[in-house]
Amino acid sequence: MTNNLQQRFQGDKKVGIAYVYCNYKRQPEQTIHHFMESLLKKLVQQQPNLPEPVSTLYSRHMEKRTSPSVAGTSTAIRSIVHGLARAFIVMDPLDECTDTNKPRSILLEEIANLQVQPNTHFFATSRFIPDIKAKFRGMANLEIRATDADVQAYLENKISETPVCVFTQSSAGRRNPGRNSKISCWNVPSRKTSPSGLSDKVTAKDVNIALRDLPKGSGALEITYTQALERIKGQNPGFRRLAEAVLSWIVCAPRQLTI
């Protein structure tokens, strides 16, 4: 979405594009101040000159070595948006922004205030969480869901990456799972940390049960992560220590890592 907007309006100084990416691992630092300052920074970077309200805000707090309030940052953002032909604000994924101490609610209120101006457009992605759905009631929305073909393609790709079992079925077998199915297995080390979690399943029935038992609903992500950690703990000591070291390195890094 963001890339598409940037390509469509590349070089157009009368169009502002600001976005924030939420990350559940960075919730302690992703406060309402962080989000508002991030939006302001991205809008300012696209301007040929530093807008006067932003310059004043910077000078005032630079001198006192303080941070601007949410209200001050919001005023600066509105001053920039007011001078644009169009402004786009993108937030992805909204459900990974915690609402402890209300940062998500306050941010949505601030964006709603911006949308009073007809030139401002807001786009957000999120899982189906009741309080988030309530915030967007009556607004245009699009449900994005994987089709059966998407799921099948994904599973076939994962099976090819972790070749524990190969299922060959005739068309009749596909219509009647379990019939005319042949399973060929190799004696390869079990990769319990496989993304699909299917690497140790050796029969079609085992795979179907594993797929049936996949977590669903708003808590599915946390359950999936917990299960992944449990699979890591079940590895041989050397692999377990390596996985834990890598995760610790990523989580405890003082700065955001890039590849």
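Look a little higher up for the structure.
Because the structure is a prediction, the values reported are computed rather than measured. Throughout this description, residue numbers start from 1 for each chain and increase along the sequence as written. Reporting of local features is limited, given that this is a predicted model, to residues whose pLDDT is at least 70; pairs of side-chain atoms are given and counted only at 80 or more, and all residues count toward the totals for whole chains, interfaces and linings. Computation of side-chain values covers all heavy atoms of the structure but excludes hydrogens and water.

Student: Quick question: what am I supposed to make of unusual backbone geometry here?
Tutor: Where the residue is not glycine, phi is negative for most of them; where a peptide bond is considered, it is trans in most cases. In this structure, the amide linkage connecting D92 to the following residue, P93, adopts the cis form with an omega of -20 degrees. Strands here mean DSSP runs of E at least two residues long; helices mean DSSP runs of H or I at least four residues long; both are numbered from the N terminus. Assignment of secondary structure puts P93 in the loop between strand 2 (86-92) and helix 5 (103-114).

Student: Would you mind showing me how to read the sheet that holds strand 3 (residues 120-124) here?
Tutor: Strand order in this open sheet of 3 strands is 1-2-3, and the pairing throughout is parallel. Looking at strand neighbours, the two that pair on one side only are strand 1 (15-21) and strand 3, the edges of this open sheet. Each strand of the sheet is rotated relative to its neighbour by a mean of 15 degrees, with strand direction disregarded. Each pair of strands is called paired provided DSSP finds at least two bridges between the two strands. Where strand 1 lies against strand 2, 7 bridges are found, and the strand directions are parallel. From the neighbouring strand, V15 faces strand 2, where its bridge partner is R86. Fitted lines through C-alpha atoms give the axes, limited to the stretch in contact for helices. The angle between two N-to-C directions lies from 0 to 180 degrees.

Student: Can you walk me through the environment of F123 in this structure?
Tutor: Its place among the elements puts F123 in strand 3. Burial classes follow relative accessibility: with a 1.4 Å probe on protein chains only, a residue under 20% of its type's maximum area counts as buried, one over 50% as exposed, and anything between as partly exposed. Among the residues examined, F123 registers a relative accessible area of 33% and is labelled partly exposed. In this structure the C-alpha to C-alpha distance between F123 and M91, which are 32 residues apart in sequence, comes to 6.4 Å. In this description, contact between two residues means that some pair of their heavy atoms is separated by no more than 4.5 Å. Among all residues touching F123, those that are not within four sequence positions of it are M1, I89, V90 and M91.

Student: In this structure, what is going on with the side chain of T73? I would like to understand it.
Tutor: As for its position among the elements, T73 is in helix 4 (residues 70-82). A residue is classified by how much of its surface remains accessible, and T73, at 2% relative accessible area, is buried. Sequence-distant contacts of T73, that is, excluding residues within four places in its chain, are made with M36, E37, L40, L57 and P68.

Student: Help me understand a nonpolar patch on the surface in this model?
Tutor: A grouping of L242, V246, W249, I250, V251 and L257 is seen on the molecular surface, where their side chains present a nonpolar patch of about 610 Å² in accessible area. With respect to the element layout, I250 can be found in helix 11 (residues 237-251). Only residues whose relative accessible area exceeds 30% and that form no salt bridge enter a patch; like-charged residues are grouped when within 9 Å of one another, and nonpolar side chains (Val, Leu, Ile, Met, Phe, Trp, Tyr) when within 5 Å. Calculation of accessible area relied on Shrake-Rupley with a 1.4 Å probe; when residues are assessed, cover is drawn exclusively from the protein chains displayed. In what follows, salt bridge is the name for a side-chain nitrogen of Lys or Arg lying within 4 Å of a carboxyl oxygen of Asp or Glu.

Student: Any chance you could explain the packing of aromatic side chains here in plain terms?
Tutor: In this description, a pair of aromatic rings is defined by centroid distance and the angle of the planes. Between the rings of Phe, Tyr and Trp (Trp by its six-membered ring), a pair exists once the centres lie within 6.5 Å; its type follows the angle of the planes, with under 30 degrees stacked, over 60 edge-to-face, and the other angles tilted. In total, this model carries 3 aromatic pairs according to the counting rule given. Here the aromatic rings of F122 and F136 are separated by 6.1 Å at their centres, their planes lie at 20 degrees, and the arrangement is stacked. One end of the pair, F122, is in strand 3; the other, F136, is in the loop between helix 6 (130-135) and helix 7 (148-161), and 14 residues separate them in sequence. Residue F122 is classed as buried on the basis of its relative accessible area, which comes to 18%. Two conditions define a charge sitting above a ring: the NZ of Lys or the CZ of Arg must be within 6 Å of the ring centre, and it must be within 35 degrees of the ring normal. The ring centre of Y19 lies 5.0 Å from the NZ or CZ of K42, which sits over that ring.

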